[in-house]
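# A structural walkthrough
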Amino acid sequence: MANRTLEKPAGVVNKQNKYYEKEMTSDFLVRPANRHDDEQLVSINARTMVCAGIKLSFERYPSYLKASHTHYNQPQALVAVSKREPNTVLAMFNIGTRDCYINGSIKSLRYVGDFRVNDFKNTHLIKLLMDYLHSTYPADELYQSIMLSEQSTLLHTLAHKESGAPRRFLVDSIETHILTGFKFSKQLNPNISVSTMSANDIGEVNRFVVHMSDYYNFLPAYDFNDLLKGDKYWLGLNLEDFLVFKRNDQIVGLCGLWDQTEFKQTRIGHYGAAVSWLRPLYNYWAKHNQQVQLPDRGSIYKCLMLHSALCNPYDTDLFESILRVAHQAAIKKNFKAICFTLPRNDPRRDCSQQFVSQKICASHGFHSFTGNPLKQFDSKRISYLECGRI
């Protein structure tokens, strides 16, 4: 496929009012989201998506703008509106940045998230958003994205040349696991000690994260001092939520248990007829087989996101121990499941033979206007994807 044209689209950027418009889409303009949009942003993000016969909504209640700080060091939510009704949001996306380790060095990475359009048939509106990207940022800017397999409409729309979208290059197929149990019990390796993280651990933990960048690409450049300072990037987390794993007094593993329900929820919107009919029988079976149970329609599915679930990716026994300890800690907090994401080329996927989970499949890629950017990434490093920040 030929690369997208490098010619910049002719648009007008009003720096004083911070909006972007274009002659051929003169009915619409793009502007930064503001607090007056927040209620609409919550609403447009709560639209349902069908996964395995179940309608789910991924909500950001009570404030989208507040929740977005957990995805980005620097959020940048943008909305498209009609000039006639400039306070009515027709489309949105977030193209904020976060600091990540790329090839072992900290770089600012732009992540495209929460792409929502009232009507995907409105090609002029979508093209305006894409022209905004092309006109505003350097030609070689990269845009990381995660797309669920169920987002076929979005994928199909952006694949059309008429959309003006930068071409997407696939990095990984990924799996998000909702882990609800293990196939058999197993004692923790006696050479591994587990403790709750304290302020005295921060220096060593930060050095451990740097060491993990030798194995992983796109790992957020975590500084746990920011957690103590109350940085919004760490919303909903405390030091006591993190577990430190040591071998011979050296940190070899880490994970946090992140309850996001105060700002981010997965709600059951609707069950298909077959699922509704079978749900009582399924839940009876699931309860006795450590499977995900289907809650009542309209309720929130509760699970804990694993934060910074880190270890040497080739030490699969250690990673299994991390999952077992994390799951037991979640149960003590009255949560039945933990959630984490792995690319399919991650050696730690071997542990899936030991646990019981439901999988959500997605793809991880980069969008570029100038050609394939993947050669700049060290292929020996494994993609690190934080499920709580997708």
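About the cut-offs
Residues numbered from 1 in each chain as written. Predicted model: local features only at pLDDT ≥ 70, side-chain atom pairs only at ≥ 80, totals over all residues. Heavy atoms only, no water. Helix = DSSP H or I, 4+ residues; strand = E, 2+ residues; numbered from the N terminus. Buried < 20%, exposed > 50% of the residue type's maximum accessible area, 1.4 Å probe, protein only. Areas by Shrake-Rupley, 256 points an atom, 1.4 Å probe, with all protein chains shown as cover. Pairing = 2+ DSSP bridges. Contact = heavy atoms within 4.5 Å. Phe/Tyr/Trp six-rings, centres within 6.5 Å; stacked < 30°, edge-to-face > 60°. Lys NZ or Arg CZ within 6 Å of the ring centre and 35° of its normal.

Each helix and strand in the protein was counted, giving eight helices and 22 strands. Expressed along its principal axes, the backbone C-alpha trace of the protein runs to roughly 70 × 50 × 40 Å. Relative to its full complement of 390 residues, the protein shows a buried share of 52%. Element-wise, carbon and sulfur atoms account for 50% of the exposed surface of the protein, whose accessible area totals about 18700 Å².

On to the sheet that holds strand β8 (residues 97–102). The antiparallel open sheet is built from three strands, whose spatial order is β9-β8-β15. Looking along the sheet, the strands with just one partner apiece sit at the ends: β9 (105–110) and β15 (219–220). Where β8 and β15 come together, two bridges link them in antiparallel fashion. Bridging across to β15, tyrosine 101 finds its partner in leucine 219.

This brings us to the environment of phenylalanine 224. By secondary structure assignment, the location of phenylalanine 224 is in helix α6 (residues 224–228). What makes phenylalanine 224 buried here is its relative accessible area of 0%. Residues phenylalanine 224 and valine 209 lie 15 residues apart in sequence; the distance between their C-alpha atoms is 9.9 Å.

Before going further, it helps to examine the side chain of serine 321. Locating serine 321 in the fold gives a position in helix α8 (residues 316–332). Apart from the residues within four sequence positions on either side, serine 321 is in contact with Leu188 and Phe245.

So, on to the packing of aromatic side chains. Counting across every chain of the model gives 21 aromatic pairs. Measuring from centroid to centroid gives 6.4 Å for tyrosine 143 and phenylalanine 369, while their planes differ by 90 degrees, and the two rings are edge-to-face. A residue pair is termed long-range when its members are at least 10 positions apart, and tyrosine 143 in strand β11 (residues 143–148) and phenylalanine 369 in the loop between β21 (355–368) and β22 (382–383) qualify at 226 residues. As far as the burial class goes, tyrosine 143 and phenylalanine 369 line up, both buried. Taken together, the ring pairs connect Tyr20, Tyr132, Tyr137, Tyr143 and Phe369 into an aromatic cluster. The ring of phenylalanine 319 has arginine 348 lying over it, and the distance from NZ or CZ to the ring centre is 4.7 Å.

Function cannot be read off these values alone, since they describe shape.
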